[in-house]
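Residue-level structure breakdown
Here are the chains, one letter per residue:
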Amino acid sequence: MSEKKPSVLEGFKSFLMRGNVVDLAVAVVIGAAFTNIVNAVVKGVINPLVGAFGTKDLDSYASCLKDPCKVVNGEMQGIQIMWGSVLGATLQFLITAAVVYFLMVLPMSKYLARRAAIQKAREGVRETLEVTELEVLKEIRDALVAQRGTGTSASGTAATTGTTGPGDSR
């Protein structure tokens, strides 16, 4: 008999129902919402602060690589490098990375380290109990062996006294 292969649709459904796919989807949605917050902070706070020291919005800062850098009839004449928008994007990235690290990664790593320490302590206690039980069993075994060797056990007493039990035909 040949095994029935799952259909493509069943495989896709199985893929979608995995926990890590759902987690990834949630992370993407939260990341998109968070990106909007960071963009608002950069445009609403960082850009005006830069503008307070300079004369323009951060996105407006540019340098001219080839003169003249003017708009003539709706077209840019010359070559303009928009380094202000690159700086703004870099600041957005750094703010996003800092918030993700300090509010998500760092607390989660501390939590996981704490859980690992608790688990390790539990395993250490379990190992100690197992070792203690093993030592007690070894002591019992040694005591039984010692009793057998000295002839003080119930079967050893009968053998040394020469008495016979029921069913012996001495």
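Note on numbering: residues in each chain are counted from 1, in written sequence order. The model is predicted, so local features are restricted to residues of pLDDT at least 70 and side-chain atom pairs to those at 80 or more, both for listing and for counting; the totals for chains, interfaces and linings are taken over all residues. Side-chain measures were taken over the full set of non-hydrogen atoms in the model, leaving aside hydrogen atoms and water.

Details of the overall build of the chain
Counting its regular elements, the chain contains four helices and two strands. When the helices and strands of the chain are read in sequence order from the N terminus, they spell out α-α-β-β-α-α. Should any heavy atoms of two residues lie within 4.5 Å, those residues are considered in contact. Restricting the contact set of the chain to residue pairs at least 6 apart, pairs at least 24 apart contribute 31%. Values of accessible area rely on a 1.4 Å probe in the Shrake-Rupley scheme; residue burial ignores everything except the protein chains shown. Here the chain displays about 14,100 Å² of accessible surface, and carbon together with sulfur accounts for 65% of that area. For the purposes of this entry, the term helix denotes a DSSP run of H or I that reaches at least four residues, the term strand denotes a run of E that reaches at least two, and both are numbered from the N terminus.

Re the pairing of strand S1 (residues 63-72)
For each residue, the accessible area found with a 1.4 Å probe, counting protein chains only, is set against the maximum for its type, and the residue is called buried under 20%, exposed over 50%, and partly exposed in between. Little of S1 is tucked away, with zero of its 10 residues classed as buried. Only strands that DSSP links by at least two bridges are regarded as paired with each other. Bridge count between S1 and strand S2 (residues 75-81): six bridges; the pairing is antiparallel. When the bridges of S2 are listed, Cys 64 appears paired with Gln 80. Taking the residues between adjacent antiparallel strands as the criterion, S1 and S2 are bridged by two residues, where Asn 73 takes a positive phi near 55 degrees.

Overview of the pattern of salt bridges
Every case where a carboxyl oxygen of Asp or Glu lies within 4 Å of a side-chain nitrogen of Lys or Arg is listed as a salt bridge. Under the criterion given, the structure shown has one salt bridge. In this structure, the salt-bridge partner of Asp 142 is Arg 141, at a minimum N-O distance of 3.1 Å. Take Asp 142: its relative accessible area is 43%, and that puts it in the partly exposed class. Residue Arg 141 is classed as partly exposed on the basis of its relative accessible area, which comes to 47%.

A few points about a nonpolar patch on the surface
Where nonpolar side chains cluster on the molecular surface, the patch consists of Val 22, Val 26, Ile 30, Tyr 101, Phe 102, Leu 103, Met 104 and Val 105 and spans about 770 Å² of accessible area. The set of elements that each furnish at least two residues to the nonpolar patch consists of helix H2 (19-53) and helix H3 (83-150). By residue number, the principal contributor to the nonpolar patch is H3, which donates five residues. Examined against the element boundaries, Val 22 turns out to sit in helix H2. Patches in this entry comprise residues that are over 30% relatively accessible and not in a salt bridge; like charges within 9 Å are linked, as are nonpolar side chains (Val, Leu, Ile, Met, Phe, Trp, Tyr) within 5 Å.

Side note on the packing of aromatic side chains
Pairs of aromatic rings are described using the distance from one ring centre to the other and the angle between the two planes. Stacked, tilted and edge-to-face are the three classes assigned to paired rings of Phe, Tyr and Trp, where Trp is represented by its six-membered ring and a pair needs centres within 6.5 Å; plane angles under 30 degrees give stacked, over 60 edge-to-face, the rest tilted. Inspection of the entire model under this criterion finds two aromatic pairs. A ring pair is formed by Tyr 61 and Trp 83, whose centres lie 5.4 Å apart and whose planes are at 40 degrees; its orientation type is tilted. Pair noted here: Tyr 61 is in the loop between H2 and S1 and Trp 83 is in helix H3, with a separation of 22 residues, a long-range link. For Tyr 61, a relative accessible area of 15% puts it in the buried group. Both rings, one in Tyr 101 and one in Phe 102, keep their centres 5.1 Å apart while their planes meet at 80 degrees; by these two values the pair is edge-to-face. Owing to a relative accessible area of 52%, Phe 102 belongs among the exposed residues under this scheme.

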